[in-house]
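Below, each chain spelled out in residue letters.
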Amino acid sequence: MRLVDKFTIWFIIIFVLVTPVSMFISYRSIKERMDTSETVRLTDLNNHIAMQLKSGAAPQQFTISHPITIERVAALPVNKVEVSEEQRFNRNRNQNECKLTVSSFYNINDSYYKISSYNDVTKSKEILNGMLRAVFWKMALIILLIVITTRLVSKYILSSFQKTLDTIQVFSLRQREKLELPETNTKEFRQLNSFLKKMTDKAADDYSKMKEFSENASHELQTPLAIIRSKLELFAETDISAEQADLIGDMQNAIEKLVRINRSLLLLTKLENLEYEAAEDLRFCKITNSVLASFENWIQLKNISLVKNVDKKVSLRIHPSLAEILLTNLLSNAIRYNWENGSIVVTLTSHSLTIKNTGSPLEIPAEQLFQRFKKSNQCAESVGLGLAIVKQICNVNGFHISYNYLEGYHILQVEFTKSPAIAEAFEEKQVGILLDSPAIV
Amino acid sequence: MKILAVEDNKELAASMLEFLSQDNNICEHAENYEQAVDKLSQYTYDCILLDIMLPDGNGLEILKFIRTKNISSGVLIISAKDSLDDKIVGLERGADDYITKPFHLSELQARLRAIYRRKQLNGDHVITFNEIALNTDTLEATVNSKFLDITRKEFELLLYFLVNKNRVLSRQAIAEHLWGDYTDNLANLDFVYQHVKNLRRKISSLNGVDYIDTVYGLGYRFKSTAI
């Protein structure tokens, strides 16, 4: 619900609640004023008749149309004036009328008189009816105006807020540009803007620190690793015994693993830093074919049968290196965890990539499959970061990956939820960074 | 081949110099920007190994220097960053290739040789060793002047052996050379064995000498003298 709608609704609720109360108050005060003025008039009339009685003249017997009653009473009551109001039925007009009677008591020539005169006054119901009609129009008019003006005014008042929203929407930490927000004279928006500015500046600062750290970590670790690796290579060149060769071999294996872990973790960090932005669409089908070709020997070695359903003209917006890593990791898993004489089915459409392979069921829960350093059969030859990287690549590109085990097949499906670019518009061109050397068989 | 290694890390530089100078290369070392510029102004080199992260300034500055002075040496960038930006910037500014730390010395050698081959004007693209000849242009190989029917990977493997004669090449180094370094995939090692086996069989079938020696526990060695 929009802010302006919320305000409008609150205005209307308040208005609806207040109206009956104000109506009651105005009704009461109108009725009271009318009765009071009528009472004053009738009291005056009574006084006038009393004067006539006093002077001995024949008293007037009627007001305008109603009879005046004059009677003697035994004593004067405490209140010299009594006012009573009653509803009576008027047969001629066939409706109720409201009758206001004023009785005044006088001491005239030592006799006590009660002089009563009455008049019909406007009924409460009529006042109420009149008011209701006015209130109805008033309400309709006010609600209409609230709805219209809040919309017009909010556009003006919230314009700087809207600008702020637009600015943050396109803000990206990677652009290394500071957040520039429009000036505003609204206190709350000024606070919001200054808060946003502080927050983004801090985030930008943290981001650059993190980047710096990952770069430094990389540099600091890679150089010692390079030294150890090169020294071992030189050591292997020297005159060594078989026993020493074995030891060197083991060390080389361990270093190899270390190098891979370091490299994979750095790749994950870079993915998290969103350092791989795709500038243009990529022929994903071509990369799929070239990665498949590079694995051909390995597939033959394990005597795996490969079924390839790769659609032509599948283009996606993804960084070429990431596309290659994604496919390489998925396919090498499909081969590595396969049986001898097993099978692999690779299906690529413009909506999804599905890789099915035979293999033993997972030994870990499927939901742990994409976690770092989780391996099904603790296969010593793998680091356990391959699928974590795949998952991260999917996250970065807005793809959705799912895993299933069905009838002896591991099924990994990557859904390209983003609508794939129109393949026709994509000109035929060689994808720049493919595998260094796709196998020619 | 005359090589200048610009690398601030002394141990790594020592390894590179020791390895490269075994192949009749003349290797010199510069530790920082100043020394590098000094040497580049006085001598000519065939190849320059350039660490782009030097303590006294970005190695890219040296690249700029090389370009402004029209130095025709091949440049191989060494970086620990492994970030795509560096790679692209480096190659755009006139470097010939890019290698990421930690690298195998044999890989370094192969890359340097490749740059050297490309840089030599009118140089022929045929590498010969005794009865074996490899044409790096057409990717064709012959043994005893007979066509050797090998796959692209086997060609690359043979080339790798030839530029690293008499070196122990670990299976990892070979795997990384053939399949790149992004695979989380050490099972490729069996695969190296398969490729080496095929290569030996194919060369033998053309009456070639079996130069490839298995070094127990470590890998393989291409011996310049027959076993």
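Residues numbered from 1 in each chain as written. Chains lettered and ligands numbered in written order. Predicted model: local features only at pLDDT ≥ 70, side-chain atom pairs only at ≥ 80, totals over all residues. Heavy atoms only, no water.

Scanning chain B from N- to C-terminus turns up eight helices and 14 strands. In chain B, which comprises 227 residues, the share counted as buried stands at 57%. Put simply, 59% of the contacts in chain B that link residues at least 6 apart link residues at least 24 apart. Surface exposure of chain B reaches about 9,600 Å², of which carbon and sulfur atoms provide 45%. (Helix = DSSP H or I, 4+ residues; strand = E, 2+ residues; numbered from the N terminus. Buried < 20%, exposed > 50% of the residue type's maximum accessible area, 1.4 Å probe, protein only. Contact = heavy atoms within 4.5 Å. Areas by Shrake-Rupley, 256 points an atom, 1.4 Å probe, with all protein chains shown as cover.)

Attention now moves to the sheet that holds strand E10 (residues 400-406) of chain A. Strand-to-strand pairing in sheets goes through backbone hydrogen bonds, with the strands running parallel or antiparallel. Residue and element names in this part refer to chain A. The sheet built from five strands is open, its strands ordered E6-E8-E9-E11-E10 with mixed pairing. With partners counted over all chains shown, the strands left at the sheet margins are strand E6 (305-310) and E10, one partner each. Taking each pair of neighbouring strands and ignoring which way they run, the sheet shows an average axis angle of 10°. Pairing analysis gives six bridges linking E6 to strand E8 (residues 343-348), with the strands arranged parallel. The residue bridging Lys308 from the neighbouring strand is Val346, located in E8. Sheet strands touched by helix H8 (residues 320-336): E8, strand E9 (352-358) and strand E11 (409-415). Its angle to E9, the strand with the most contacts, is close to 20°. (Pairing = 2+ DSSP bridges. Axes fitted to C-alpha atoms, helices over the stretch in contact; angles between N-to-C directions.)

Residue and element names in this part refer to chain B. One pass over the structure, following the stated rule, counts eight aromatic pairs over all chains. Summarising the aromatic geometry, the rings of Phe129 and Phe222 are spaced 5.5 Å apart at their centres and angled 70° between planes, so their arrangement reads as edge-to-face. Placement of the pair is Phe129 in strand E8 (residues 126-129) and Phe222 in strand E14 (residues 219-222), with a sequence separation of 93 residues. We classify Phe129 as buried; its relative accessible area is 9%. Classification of Phe222 as buried rests on a relative accessible area of 1%. Here a set of aromatic residues connected by ring pairs shows up, and it is made of Phe129, Phe161, Tyr211 and Phe222. The aromatic ring of Tyr45 is capped on one face by Lys2, whose charged end is 5.0 Å from the ring centroid. (Phe/Tyr/Trp six-rings, centres within 6.5 Å; stacked < 30°, edge-to-face > 60°. Lys NZ or Arg CZ within 6 Å of the ring centre and 35° of its normal.)

Residue and element names in this part refer to chain A. Nonpolar side chains collect at one region of the surface, where Met1, Ile9, Trp10, Ile13, Ile14, Leu17 and Val18 lie side by side and expose about 760 Å² of accessible area between them. For Leu17, the location among the structural elements is in helix H1 (residues 3-55). Using a relative accessible area of 59% as the deciding quantity, one classes Leu17 as exposed. (Patch = residues over 30% accessible without salt bridge, like charges linked within 9 Å, V, L, I, M, F, W, Y side chains within 5 Å. Salt bridge = Lys/Arg side-chain N within 4 Å of Asp/Glu carboxyl O.)

Turning to helix H2 (residues 124-157) of chain A, its buried residues number three or more, namely Ile127, Met131, Val135, Ile146, Thr150 and Ser154 of chain A. Against H1 and helix H3 (159-170) of chain A lie the buried residues of H2 of chain A.

We now examine the confidence of the model for chain B. When pLDDT is averaged along chain B, the result is 85; 91% of the residues meet or exceed 70. Model confidence for the complex: the whole-complex pTM is 0.62, and ipTM, which rates the interface, is 0.84. (pLDDT = per-residue confidence, 0-100.)

Summing up the model confidence of chain A, the mean pLDDT is 82 and the portion of residues at 70 or higher is 91%. Under a pLDDT of 50 for its full length, residues 419-441 of chain A has, in the predicted model, 44 contacts with residues more than four places off or in other chains.

All names here are of chain B. As annotated by UniProt and renumbered to match this structure, "modified residue: 4-aspartylphosphate" (unreviewed entry) occupies Asp51. Relative to the helices and strands, Asp51 resides in strand E3 (residues 47-51). Beyond its immediate chain neighbours, meaning those up to four positions away, Asp51 contacts Val6, Glu7, Asp8, Gly59, Ile78 and Lys101. (UniProt positions renumbered as here; feature names shortened; annotations may be inferred.)

Turning our eyes to something else, we now look at the side chain of Glu7 of chain B. Residues and elements named next belong to chain B. Tracing the chain through its elements places Glu7 in the loop between strand E1 (2-6) and helix H1 (10-21). Within the structure, Glu7 has its side chain in polar contact with the backbone nitrogen of Asn9 (distance 2.9 Å). Apart from the residues within four sequence positions on either side, Glu7 is in contact with Leu12, Ala13, Met16, His29, Ala30, Glu31, Asp51, Leu54 and Lys101. (Polar contact = N/O pair within 3.5 Å; in protein donor to acceptor, adjacent residues only side chain to side chain.)

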